[in-house]
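Breakdown of the fold
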Amino acid sequence: MFRILEVMVASVALILLLSHWIFSFNVSIELIAFVSAFLYVFLGVRYLKEDRVIRGTIILVISSMMAFILIESFIPIT
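Read on for an overview of the structure. (Residues numbered from 1 in each chain as written. Predicted model: local features only at pLDDT ≥ 70, side-chain atom pairs only at ≥ 80, totals over all residues. Heavy atoms only, no water.)

Looking now at helix α1 (residues 2-21). Relative to the 28 Å expected for 20 residues at 1.5 Å per residue, α1 spans 29 Å between its end C-alpha atoms, a close match to the ideal helical length. All of the buried residues along α1 are Glu6, Val9, Ala13, Leu16 and Ser19. Considering only its buried residues, α1 is in contact with α2 (29-49). (Helix = DSSP H or I, 4+ residues; strand = E, 2+ residues; numbered from the N terminus. Expected span 1.5 Å × (residues − 1). Buried < 20%, exposed > 50% of the residue type's maximum accessible area, 1.4 Å probe, protein only. Contact = heavy atoms within 4.5 Å.)

Judged by nonpolar contacts, Val9, Ala13, Leu16, Val27, Ile32, Val35, Leu39 and Phe42 together constitute the single largest core of eight residues. Secondary-structure elements contributing two or more residues to this core are α1 and α2. No other element matches the four residues that α2 contributes to this core. Those residues within four positions of isoleucine 32 in sequence are excluded, and the remaining contacts are Leu16, Leu17, His20 and Val27. (Core = buried A, V, L, I, M, F, W, Y, C linked by side-chain atoms within 4.5 Å.)

Our focus in this paragraph is a nonpolar patch on the surface. Taken together, the side chains of Leu14, Leu18, Trp21, Ile22, Phe23 and Phe25 make up a nonpolar region of the molecular surface, amounting to roughly 710 Å² of accessible area. Position of phenylalanine 25 relative to the elements: it lies in the loop between α1 and α2. (Patch = residues over 30% accessible without salt bridge, like charges linked within 9 Å, V, L, I, M, F, W, Y side chains within 5 Å. Areas by Shrake-Rupley, 256 points an atom, 1.4 Å probe, with all protein chains shown as cover. Salt bridge = Lys/Arg side-chain N within 4 Å of Asp/Glu carboxyl O.)

This next bit is on α2. In a regular helix each residue adds 1.5 Å, so 21 residues correspond to 30 Å; α2 covers 30 Å between its end C-alpha atoms and thus fits that length. Against the buried residues of α2 lie α1 and α3 (53-74). Phi turns positive, to about 60 degrees, at aspartate 51, one or two residues after α2.

Before going further, it helps to examine the side chain of serine 19. Along the chain, serine 19 turns up in helix α1. Taking relative accessible area as the criterion, serine 19 reaches 9% and is therefore assigned buried. At a separation of 2.9 Å, a polar atom in the side chain of serine 19 contacts the main-chain carbonyl oxygen of leucine 16. Not counting residues up to four positions away in its chain, the partners in contact with serine 19 are Ser24, Phe25 and Val27. (Polar contact = N/O pair within 3.5 Å; in protein donor to acceptor, adjacent residues only side chain to side chain.)

Mapped onto the secondary structure, isoleucine 15 falls in helix α1. Sequence-wise, isoleucine 15 and alanine 37 are 22 residues apart; in three dimensions their C-alpha atoms are separated by 15 Å.

Set out below in structure tokens:
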């Protein structure tokens, strides 16, 4: 079940990114960053499940930084 969610989020991120770059649709960059942050969370959790602790921790730290940047774009904190 978890792998299916990861594949769905990855395909949505790819579709959004390609529709923005190639087809020039008006897709919000914040939406692409939001979906990419979810993708990084799923990847980090999968690496932690597979006992790749260092790589999973690094990916989860990157996803938390991406989420902070996304939240700050909506609500300026600093």
